[in-house]
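Residue-level listing of the chains:
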Amino acid sequence: MGLEKFKKRVGTQNYVKLDLTHPPADGWSAFKQVLKRSLKGELFVGLWVTLREMINALFRGKMHTTQYPLEKLPISPRYRAIHEMLRLLESGHYRCIGCGLCEKICISNCIAMETRYDENQRKEVTEYTINFGRCIFCGYCAEVCPELAIVHGGRYETASEQRASFSLFEDMLTPIDKLNLQKEYPGFGAVSPNADDNIKKTPLAY
Ligand code: SF4
Ligand code: SF4
């Protein structure tokens, strides 16, 4: 609601404005003011509103609050929380190819990784950490990743006794026994389900 609309709403709802310019001078005046307002029903209207909402919440299932952490409100699929490293659904191998683009684009300089060539001359990620004490969750790393290997997940509760416990590659990687639960491709930085419809075909002249 815009400010103008809000002002109009205030003007049309017959709001009672309290006279704060002449506060009661003594206890007797204050008592008389309370009595006057109570008899006019203001106090009991307020109590009734409270009672009505309590009955609605307890007996009619109209609870307006969330019992966090037992209940959680749904978050946007593009919410940028703790990163997730995805696996290839076919083989279960991690998708990251160790290209280092995420490390280079990170404006907080909080991604550190080490790679080596394995016996088949394929690049292998030996170390990959994100310092979440520095990360500003800008999403650049997820956007730049050519393999859709790193995305932002929905885990936003980042409190821990040990900062290091968030940042290991293994912590972010989809557990192998939960591979069947990994969606292709969830989170910020992933392609949209109808991405193919939005890709323009390269003209033949090129
Ligand atoms: S979200 Fe931004 S700051 Fe955090 S690791 Fe990725 S690029 Fe770096
Ligand atoms: S940009 Fe993607 S593929 Fe490249 S190192 Fe980062 S996570 Fe791995």
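Each chain has its residues counted from 1, running along the sequence as written. Each chain gets a letter, beginning with A, and each ligand a number, beginning with 1, in the order they are written. Local features are withheld for residues below a pLDDT of 70 in this predicted model, meaning they are given only at 70 or higher, and side-chain atom pairs are given and counted only at 80 or more; totals for whole chains, interfaces and linings count all residues.

Overview of the overall build of the protein
Numbering of helices and strands starts at the N terminus; helices are DSSP runs of H or I of at least 4 residues and strands are runs of E of at least 2. Each helix and strand in the protein was counted, giving seven helices and four strands. Listed N to C, the secondary structure of the protein is α-α-α-β-α-β-β-α-β-α-α in terms of helices and strands. Once C-beta atoms are placed from the backbone, each residue is buried if 20 or more other C-beta atoms lie within 10 Å of its own, exposed if 12 or fewer, and partly exposed for counts between those two. Taking all 206 residues of the protein together, the buried fraction comes to 14%. For the protein, the share of sequence-separated contacts (at least 6 apart) that also reach a separation of at least 24 residues comes to 71%. What counts as a contact here is a pair of residues whose C-beta atoms, placed from the backbone, lie within 7 Å.

As for the site of ligand 2
The criterion for a residue being near a molecule or strand is simple: its C-beta atom, placed using the backbone, must lie within 6 Å of it. In the neighbourhood of ligand 2, the contacting residues comprise C96, I97, G98, C99, G100, L101, C102, V144, C145, E147, A149 and I150. Here the nonpolar group is Ala, Val, Leu, Ile, Met, Phe, Trp, Tyr, Cys and Pro; Asp, Glu, Lys and Arg are the charged ones; every other residue, Gly included, is treated as polar. Partitioned by chemical class, the residues of the shell around ligand 2 number nine nonpolar, two polar and one charged.

Topic: helix 3 (residues 42-59)
The span you would expect from a helix comes to 1.5 Å times its residue count less one. Helix length check: helix 3, at 18 residues, gives a terminal C-alpha distance of 26 Å against a target of 26 Å (1.5 Å per residue), a fit within 8%. Phi for G61, located one or two positions after helix 3, is positive at around 70°.

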